[in-house]
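Observations on the model geometry
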Amino acid sequence: MRIFFLLLLYSTALFAQNTYPEEYFRSPMDLPLHPSGTFGELRRNHFHAGIDYRTEQKTGLPVYAAAEGYVSRIRVSSYGYGTALYIDHPIGYTTLYGHLSEYATKIEEYVRAKQYEKKSFDIELFPKPGELPVDKGELVALSGNTGGSGGPHLHFEYRDTKTEEIINPLFFGLNKIMKDTQMPTVYGMMAYALGDKAVVNESEKPVTLHLKLLKDGTYLADKIYARGNVGLSINATDKSTGSLGNNGVFKVETFVNGSPGFKAVFDQFAFDESRYINYYIDYQKYMANGQRFQKLFVTTPYPLDVIRDNATNGQIEVKEGETINYRIVVSDFHGNKRMVNGSVEFSDKPATITQPKKITPYFVKMANDNSYTKDGVSVFIPANTLYEDFYMDFDVKDSILYLHDDSVPVHGNIIVSFDVSHLSPEVLQRTFIAGVDGNRILYNNSYMENGKLTAKVRYLGKFKLAQDNTPPKIFSPSFAEGKWLSSNKTFSLKISDDLSGIATFDAWLNGKWILMHYDYKTRIIYHNFSDGIVDDGRNDLKVTVTDNVGNSATFETHFFRTQKTTSVEKDK
């Protein structure tokens, strides 16, 4: 009780000073910190929420509790963070460890029992404070490559336990083991004419600016000739010492004639803000060529907390006779800075490159609910689902919904519904609302509502009804039928589905349900013999896989196993 009281006082003092406890926590791994991903890094549809430890392209390396506390949440998923662990600490923070290969023994046994109880590989658990306590530096897991990981690494996060806001891990002392003496790099810069009468370098469309690297390490940008309001964007990354990868930057600031203009600081943000990345970057540029340019201006304000001191919305107003000097300062967490200097001079030259103003009958106001219906197809766009007002393309031809295109980002769910009264119950059971991307058919979870087949989507484009009548495949078992597996630690099979995707998979040994682990990247499901379900002698295996519209496949085989290797078994 005395220890808890002291920790409570310590926590109160920390929050009162608005500082972070650098000495309270340790690194979760005994490895040099050469991150493959940094906090706030620009990712697809989200800002990266933690720091990624490189694990020398290996799995199975020790992962330790960053401080004392208790396991507050366990999530095992085929996707996302994969096998993940959450630890609450008594001073008000939670640490998260993602993409693990397995948990330490006491946690693994707890999880395994719950998976067998629920008969499910994917599982989410919330242990009580006294169930799974851990000490600082205690082994809690082994690193892995599970879930949506693109290669072996540990994803590590800090969160405020109460608010669940995610905080940059470098505030908690990791900056001392992550060495960084290199300045960020700026690869590109663009200028934008903002408003109906604005022109930049005789263009209404965004203009690429060339950068010249000077001897002092600063960049000099092409002069901009403009009238009206101008916005800027940059493509910038950072490298740390010993790391070859390009990571995200910590802070970007602009100064206009010496006065602060725009600032973005990647210190912390809330989960429900993460998708705002699609408005923070130049989304059209990203969709066109995959480059992420950070917009240093705002046209329609939005609630992203990393944006600070933005009284002018980052827009540079250019009036007749004016020349405006600006500076962009890009910083990493360790204070290394890269500067871009430039100027904007007033010019009344008309635009020779114009931006066509496409007007359609469907003007979407982002602050309002918007509904559209044609030929048995309806679309409902709730208020604040999009980032800006715009003229949208909407049409239905030959039973295909044409809902603009994917150059416009979507923040929330758009509800798309199709009349399916013409379909028989048998056909309807295998039918879903598909996104159409060239020759690809994209599955969307579809359900009946108000007599229509309905799906919630977060992208614009083409949609149609599609059927999946093909069951999943179960193939490539790791053993031949009838083989002795006494020396094996596991057995595995591969599963796949060509259209709607895998929904469930189950397996039984001699009629008893067994736990199969799943890695969607390799399409492998596997079972650990250490679970103790196997019998001596013959074992009959049955595997069933079901896709998202209910098609199922079953695979049956058998093998032999004994706990002791015999000369007879060797002969076999």
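Residues numbered from 1 in each chain as written. Predicted model: local features only at pLDDT ≥ 70, side-chain atom pairs only at ≥ 80, totals over all residues. Heavy atoms only, no water.

1. With respect to the overall build of the protein chain
Counting secondary structure elements, the protein chain contains 6 helices and 45 strands. Taken along its principal axes, the extent of the C-alpha atoms in the protein chain is 95 × 70 × 45 Å. Residues counted as buried form 49% of the 572 residues belonging to the protein chain. Look at the contacts in the protein chain between residues 6 or more apart in sequence, and 69% of them connect residues 24 or more apart. Of the roughly 27300 Å² of accessible surface on the protein chain, 49% is carried by carbon and sulfur atoms. Side-chain charges of the protein chain comprise 63 positive and 68 negative groups, with the mean position of each set lying 3 Å from the other. (Helix = DSSP H or I, 4+ residues; strand = E, 2+ residues; numbered from the N terminus. Buried < 20%, exposed > 50% of the residue type's maximum accessible area, 1.4 Å probe, protein only. Contact = heavy atoms within 4.5 Å. Areas by Shrake-Rupley, 256 points an atom, 1.4 Å probe, with all protein chains shown as cover. Lys, Arg positive; Asp, Glu negative; His and termini not counted. Charge placed at Lys NZ, Arg CZ, Asp CG, Glu CD.)

2. Quick look at the packing of aromatic side chains
For the structure on display, the rule yields 42 aromatic pairs. Seen from their ring centres, F491 and F559 are 5.6 Å apart, and the 50 degrees between their planes marks the pair as tilted. Residue F491 is located in strand β39 (residues 490-496), and its partner F559 is located in strand β45 (residues 552-561); the two are separated by 68 residues in the primary sequence. Taken individually, F491 and F559 each receive the classification buried, so the pair is uniform in this respect. A network of ring pairs unites the aromatic residues Y20, Y24, F25, Y53, Y93, Y97, F156, Y158, F171, F172, F250 and F333 as a single cluster. Geometry around W508 places K542 over its ring, the cationic atom sitting 5.8 Å from the centre. Sitting over the ring of F529, R561 keeps its end group 4.0 Å from the ring centre. (Phe/Tyr/Trp six-rings, centres within 6.5 Å; stacked < 30°, edge-to-face > 60°. Lys NZ or Arg CZ within 6 Å of the ring centre and 35° of its normal.)

3. Concerning the layout of surface pockets
The computed volume of the largest pocket comes to approximately 1500 Å³. Along its surface, the largest pocket is lined by 35 residues, and Q284, Q355, E388, D389 and F390 are the ones closest to its centre. Secondary-structure elements contributing two or more residues to the lining of the largest pocket are β13 (185-200), α3 (277-280), α4 (283-289) and β29 (390-392). Of the residues belonging to the lining of the largest pocket, the class tally is 17 nonpolar, 7 polar and 11 charged. (1 Å grid on protein atoms, 1.4 Å probe; cavity = no way out; pocket = protein on both sides within 12 Å on 5 of 7 lines; lining within 4 Å. Points joined across faces, edges and corners; volume = space filled by probe spheres on them. Nonpolar A, V, L, I, M, F, W, Y, C, P; charged D, E, K, R; others polar.)

4. Considering empty space enclosed by the protein
Counted by the stated rule, this structure contains 1 cavity of 30 Å³ or more. The computed volume of the largest cavity comes to approximately 150 Å³. Lining the largest cavity we find 19 residues, and of these T38, L170, M178, G248 and F333 sit closest to its centre. Partitioned by chemical class, the residues of the lining of the largest cavity number 8 nonpolar, 7 polar and 4 charged.

5. Some thoughts on the confidence of the model for the protein chain
A low pLDDT score tells you not to read the predicted coordinates there in detail. Averaged over all residues, the pLDDT of the protein chain is 94; the fraction at 70 or higher stands at 95%. Contacts of residues 565-572 to residues separated by more than four positions or lying in other chains number 6 contacts, the stretch itself having pLDDT below 50. (pLDDT = per-residue confidence, 0-100.)

6. Examining the environment of S143
Looking at where S143 falls in the secondary structure, it is placed in strand β10 (residues 139-143). Overall, the relative accessible area of 0% leaves S143 in the buried class. For S143, the residues in contact, after removing those within four places along its chain, are M29, T55, K58, T59, G60, L61, V63, H99, L100 and S101.

7. Quick word on the sheet that holds strand β44 (residues 537-547)
Strand order in the open sheet formed by 4 strands is β41-β40-β44-β45, with antiparallel pairing between adjacent strands. Where the open sheet ends on each side, the last strands, each with one partner, are β41 (512-514) and β45. Strand-to-strand twist in this sheet, taken as the mean axis angle between neighbours without regard to direction, amounts to 30 degrees. Two elements, strand β40 (residues 502-509) and β44, share 7 bridges in a ladder whose sense is antiparallel. Each bridged residue has a counterpart across the sheet, and for I502 the counterpart in β44 is D547. (Pairing = 2+ DSSP bridges. Axes fitted to C-alpha atoms, helices over the stretch in contact; angles between N-to-C directions.)

8. So, the pattern of salt bridges
Across all of its chains, the model carries 23 salt bridges by this definition. Measuring nitrogen to oxygen at the nearest pair gives 3.2 Å for the salt bridge that ties E345 to K223. Taken together, the residues E345 in strand β25 (residues 337-346) and K223 in the loop between β16 (219-221) and β17 (224-237) connect sequence positions 122 residues apart. With a shortest N-O distance of 4.0 Å, K263 and E253 are connected by a salt bridge. With a gap of 10 residues between them, K263 in strand β19 (residues 259-265) and E253 in strand β18 (residues 251-256) connect regions that are remote in the sequence. (Salt bridge = Lys/Arg side-chain N within 4 Å of Asp/Glu carboxyl O.)

9. Quick notes on the pairing of strand β32 (residues 414-419)
Direction of pairing for strand β28 (residues 377-381) relative to β32: antiparallel, over a ladder of 4 bridges. The residue of β32 that forms the bridge with V377 is F418. Bridge count between β32 and strand β36 (residues 452-457): 6 bridges; the pairing is antiparallel. By the bridge assignment, V416 is partnered in β36 with A455.

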